[in-house]
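Summary of the model geometry
Now for the letters of each chain:
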Protein chains: 2
Amino acid sequence: MNETLDTGLKSWVETANDPLTDFPIQNLPFGIFRRLGTRDAGRIGVAIGDQILDLAAADGGEPQSSLNTLMARGSEYSSALRMKISSWLRFGSKDRDRLAAALTPMEDCKMLLPVQIGDYTDFYASAFHATNVGRLFRPDNPLLPNYKYVPIAYHGRASSVVVSDTPVTWPSGQTNLSADQAPQFGPSQRVDYEVELGFYIGTGNALGAPVQMADAGNRIFGFSLVNDWSARDIQAWEYQPLGPFLGKSFATSVSPWVVTTEALSGFRRAANARAEGDPKPLAYLSDAHDQQHGGLDIVLEVWIETDAMRQTGAKPVRLSRGNFRDMYWTVAQMVAHHTSNGCNLRTGDLIASGTVSGEAPDARGCLLELTRGGAEPIQLPAGETRRFLQDGDEIILRARCERDGAVPIGFGECRGRVTSKPW
Amino acid sequence: MNETLDTGLKSWVETANDPLTDFPIQNLPFGIFRRLGTRDAGRIGVAIGDQILDLAAADGGEPQSSLNTLMARGSEYSSALRMKISSWLRFGSKDRDRLAAALTPMEDCKMLLPVQIGDYTDFYASAFHATNVGRLFRPDNPLLPNYKYVPIAYHGRASSVVVSDTPVTWPSGQTNLSADQAPQFGPSQRVDYEVELGFYIGTGNALGAPVQMADAGNRIFGFSLVNDWSARDIQAWEYQPLGPFLGKSFATSVSPWVVTTEALSGFRRAANARAEGDPKPLAYLSDAHDQQHGGLDIVLEVWIETDAMRQTGAKPVRLSRGNFRDMYWTVAQMVAHHTSNGCNLRTGDLIASGTVSGEAPDARGCLLELTRGGAEPIQLPAGETRRFLQDGDEIILRARCERDGAVPIGFGECRGRVTSKPW
């Protein structure tokens, strides 16, 4: 922990000192923005209160349209840059006049995909989620025998990762809901969301050279929210024996701000989801420091806004609230496992956690769990119900870190509306 | 079919007229090469006999270190370029003197990865392979109910795709071969190869805009050989419920030459693997022209060279010989299915067919099939046997198209040696 995290720091950007902001001076996440009305390819911005600091304008460098070059420079460089930005934006900074010209209100900007993503990997790191989903298929034996040994994951589709606010075209596909009928092709009847935490690789590893647990955290540049949209009926019919494919690859939404590993360092906790009697992690996944500090205390919420709510001016409704510290595997374990066979990670790779679900009924991170496979619809205001998503539904993910003795920070939002209408 | 495929065409590059060459003037595959002893980033080459034509030197353009820009220009551009190259290299060409200076012997060059691959997808399109593998797990019901409806596929790992001749580091991982013991981490005991045909997307599609069957073939720039290395013990323990991950992602080898869709047009056949009584493909996978011409008559062979063979100077031994026309799904069906949910393909994406196996015992495209899961070792010369690969084994994939009335063309080789030694 360094002075950028001091709770006493205030910014001369007044909105950054609002206790409810996601972006106080202790956060300073990176993203790529474009001023509305311009055709700029995008430039690196830093969120501060309700403003965006244009990094190239502040620092005198060339604008860059993705974070990849910055990410590749490693954690020491990022940390030094963060220190510089923190000192610029502090109350009393002598750079205030110069930097004020490099600020733009967020409401005047469009956020772009922050990272050129090489490969996208999706883990399955919540035992609560795996158990809830497994119970739908195998009531007596919900958690498979490998789960507590292997951080289960699959390769996802990188091309269809989109930034928050990008409409999601309603997916079609093959489904076979009844064993008596032939399969059919048509619009999915079971479109769902999944709330996940994602992280981006800063410095990768060479093919054949696994990353050890103690080094894994250093490879992570920062974190974002991920909505792993899922078409459950397509997924159910296609997934044997090679796993999810078209049930997922129509879209994955990410939030635009990348919260750095350093900004999150004040919210680390023991990794506490491994229960008494569970097997110890194998040696390549074991690390005493990670067991003490590998958990992340991040509250993730899911909200929904339906067409009817928009038409009546009703506010979005919260569907769930979970915490990332309930995950069975830590992010360092994900990195160590991913590379344990020699697989190389590259700058810009996106790794997502899998659905973040907790033990409580309202901590279930997707409709499949909340409605028990569609059997128990959830109630929304004005008599609306949902088993799965309907045309026009917007899902809003939010996340926030709050802890005694630390200034709260947030992730901003990850929004996406599923729609069958052209956009 | 255009005049570049005329059987009467001969080249002034004498070795291109050898009936045994893979690279007659009717082939003209593209690749990226570097002259040995230089640090060139790579440049586009065209294979002709035992020579490589430096495209930038011949054409006066800037050297490019991947084929992506060329591929993105679409099939009309590629076809026109191919016509120009064909006319340059024909016997009697007035450009001979100028072009001779742009030729380099293959033996003086190192081939590089030809394409910057965005996403890599691996299908499972041989019903023979799926049945042989399924029988090991489910003797009474080897083929799953979805197989004849859904072209099964999974997302693969793009970062670890390497070009032929790159050594493959022996993978380690978690395995659990006995239900009585706890899982262990260590070097895989069941390293295998899989012979596949791969193809690269030239012009992609927008997210949310599926590619129709009739348009699917146009999106394919060309074809290569793919060795989908597999660690069967890692795969068996990890793959439920989300499919293959670390059992595959340690390496995938591709051949350096990309044989264009046009060069293969003389070797098209009816897609004939769908047996009487099989369900008809759903409408989005149906196309009369594709049924008549979507098959590809390509013989694929797998050869092995062990350490012992190298030490005694013995020649490599052939392990199998299959034909791509035995695949259950055509490449157009793979493209149409992949995009049917709205998923976007991008220039440079690699799509592989899955293991190419046939009905005959010697047409099985991996050791898992050839040795029935390791139960029946294969015999090699000098008393050697193999259940799975051993340290130092080199696998050599070759493919060739031969047909009455056409000049045979080939793919060159895809080589890879698995090794636990540093390289």
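Located above this text is the structure these notes cover.
If you're wondering where the values come from, they're calculated on a predicted model, not measured in any experiment.

Comments concerning the overall build of chain A
Counting its secondary structure elements, chain A contains 11 helices and 26 strands. By the compact-globule yardstick of 22 Å for 423 residues, chain A fits well, its C-alpha radius of gyration being 21 Å. Here the C-alpha coordinates of chain A stretch approximately 75 × 55 × 40 Å along the principal axes. Scored against the burial criterion, the 423 residues of chain A give a buried share of 61%. Within chain A, contacts between residues separated by at least 24 positions form 74% of all contacts whose residues are at least 6 apart in sequence. For chain A, the exposed area adds up to about 16,100 Å²; of that, 49% sits on carbon and sulfur atoms.

Things to note about the packing of aromatic side chains
All names here are of chain B. One pass over the full model with this rule turns up 20 aromatic pairs over all chains. When the ring of Tyr124 is compared with that of Tyr147, the centres are 6.1 Å apart and the planes differ by 70°; the resulting orientation is edge-to-face. Of this pair, Tyr124 sits in the loop between β6 (120–123) and α5 (127–137) while Tyr147 sits in the loop between α5 and β7 (153–155), and the two are 23 residues apart along the sequence. You'll find Tyr124 and Tyr147 in the same group, each marked buried. With centroids separated by 5.4 Å and ring planes inclined at 80°, the aromatic side chains of Tyr328 and Trp329 adopt a geometry described as edge-to-face. Residue Tyr328 is classed as buried on the basis of its relative accessible area of 5%. The class for Trp329 is buried, based on a relative accessible area of 2%.

Regarding the interface of chain A and chain B
Of the residues lining the interface, 53 residues belong to chain A; the matching set on chain B comes to 53 residues. Taken together, the two surfaces of chain A and chain B that pack against each other cover about 5,200 Å², and 62% of this comes from carbon and sulfur. Scanning the region where chain A abuts chain B turns up 4 salt bridges. Inspection of the region where chain A meets chain B yields 28 residue pairs in polar contact (both at pLDDT 80 or more). Here the element with the most residues in the side of chain A that touches chain B is strand β7 (residues 153–155) of chain A; it accounts for 3 residues. A breakdown of the residues in the side of chain A that touches chain B according to their chemical character gives 28 nonpolar, 20 polar and 5 charged.

Re the nonpolar core
Core analysis: the biggest nonpolar cluster contains 153 residues, and Ile298 and Phe411 of chain A together with Ile298 and Phe411 of chain B have the highest contact counts within it. When near neighbours in sequence (up to four residues on either side) are disregarded, Ile298 of chain A contacts Leu197, Leu264, Gly322, Asn323, Phe324, Ala399, Arg400, Cys401 and Phe411 of chain A.

What about unusual backbone geometry?
Residues and elements named next belong to chain A. Residue Pro241 is reached from Gln240 by a cis peptide bond, and omega for that bond is 0°. Structurally, the position occupied by Pro241 is in the loop between α7 (232–238) and β16 (252–254). Phi at Leu28 is positive, roughly 55°, even though this residue is not glycine. Checked against the element boundaries, Leu28 lands in the segment before β1 (30–35).

Quick notes on the state of the cysteines
Residues and elements named next belong to chain B. Tallied over the entire structure, the rule returns 0 disulfides over all chains. In this structure Cys401 is not part of a disulfide, and its nearest cysteine sulfur, from Cys414, lies 16 Å away. Judged by its relative accessible area of 0%, Cys401 is buried.

With respect to the sheet that holds strand β21 (residues 317–323) of chain A
Residue and element names in this part refer to chain A. Reading across from one edge, β9-β26-β25-β20-β21 is the order of the 5 strands in this open sheet, with mixed pairing throughout. Bordering the open sheet on either side are β9 (168–169) and β21, each of which pairs with just one other strand. Summarising the sheet, strand β25 (residues 394–401) and strand β26 (residues 409–419) pair through 7 bridges and their orientation is antiparallel. Of the residues in β26, the one forming a bridge with Glu394 is Arg417.

What to know about helix α10 (residues 331–339) of chain B
Residues and elements named next belong to chain B. Counted residue by residue, α10 has 9 buried out of 9 residues, so it is predominantly covered. Taken residue by residue, α10 has Val331, Ala332, Gln333, Met334, Val335, Ala336, His337, His338 and Thr339 as its buried positions. Structurally, α10 contributes buried residues whose contacts are with β6, β13 (195–201), α6 (213–216), β14 (220–227), α8 (288–293) and β22 (350–352).

Overview of the environment of Val211 of chain B
Residue and element names in this part refer to chain B. Here Val211 lies in the loop between β13 and α6. On the basis of relative accessible area, Val211 is assigned to the buried category, the value being 5%. If we ignore the near neighbours within four places in the chain, the residues touching Val211 are Asn205, Ala216, Arg219, Val335, Ala336 and Thr339.

Points about the sheet that holds strand β4 (residues 103–105) of chain B
Residue and element names in this part refer to chain B. Taken in spatial order, the 5 strands line up as β4-β3-β2-β1-β5 in an open sheet, and their pairing is antiparallel. In this open sheet, the two strands that pair with only one neighbour each are β4 and β5 (109–112). In this sheet, adjacent strand axes meet at a mean angle of 45° when their direction is disregarded. Together, β1 (30–35), β2 (43–48) and β3 (51–54) form the strand contacts of helix α3 (residues 75–89), whose direction differs from that of β3 by roughly 120°.

Overview of the relation of the copies chain A and chain B
Expressed as a screw transformation, the operator carrying chain A onto chain B has a rotation angle of 180° and an axial translation of 0.0 Å, and the superposed copies differ by an RMSD of 0.0 Å. Taken together, the turn and the small shift mark the pair as related by a two-fold rotation axis. Residue Gly243 of chain A, judged by its C-alpha, is the member of chain A lying nearest the rotation axis, at 2.1 Å. When the interface residues of chain A are mapped onto chain B, 100% of them again fall at the interface, so both copies present the same face.

Concerning the side chain of Asp119 of chain A
Residue position: Asp119 of chain A is located in the loop between β5 (109–112) and β6 (120–123). When its relative accessible area of 3% is taken as the criterion, Asp119 of chain A is described as buried. At a separation of 3.4 Å, a polar atom in the side chain of Asp119 of chain A contacts the side chain of Arg346 of chain A. Setting aside its immediate chain neighbours within four residues, Asp119 of chain A contacts Arg346, Asp349 and Leu350 of chain A together with Gly156, Arg157, Ala158 and Ser159 of chain B.

Notes on the side chain of Thr261 of chain A
All names here are of chain A. Tracing the backbone through its elements, the reader meets Thr261 in the loop between β17 (259–260) and β18 (268–269). Judged by its relative accessible area of 18%, Thr261 falls in the buried class. Residues within four places of Thr261 in sequence aside, it is in contact with Gly217, Ile220, Phe221, Gly222, Phe223 and Arg268.

Reading the values: the criteria
- Residues numbered from 1 in each chain as written.
- Chains lettered and ligands numbered in written order.
- Predicted model: local features only at pLDDT ≥ 70, side-chain atom pairs only at ≥ 80, totals over all residues.
- Heavy atoms only, no water.
- Helix = DSSP H or I, 4+ residues; strand = E, 2+ residues; numbered from the N terminus.
- Rg over C-alpha atoms; globule rule 2.2 N^0.38 Å.
- Buried < 20%, exposed > 50% of the residue type's maximum accessible area, 1.4 Å probe, protein only.
- Contact = heavy atoms within 4.5 Å.
- Areas by Shrake-Rupley, 256 points an atom, 1.4 Å probe, with all protein chains shown as cover.
- Phe/Tyr/Trp six-rings, centres within 6.5 Å; stacked < 30°, edge-to-face > 60°.
- Buried area = accessible area lost by both parts, 1.4 Å probe.
- Salt bridge = Lys/Arg side-chain N within 4 Å of Asp/Glu carboxyl O.
- Polar contact = N/O pair within 3.5 Å; in protein donor to acceptor, adjacent residues only side chain to side chain.
- Nonpolar A, V, L, I, M, F, W, Y, C, P; charged D, E, K, R; others polar.
- Core = buried A, V, L, I, M, F, W, Y, C linked by side-chain atoms within 4.5 Å.
- Disulfide = S-S within 2.5 Å.
- Pairing = 2+ DSSP bridges.
- Axes fitted to C-alpha atoms, helices over the stretch in contact; angles between N-to-C directions.
- Least-squares fit on C-alpha atoms with pLDDT ≥ 70 in both.

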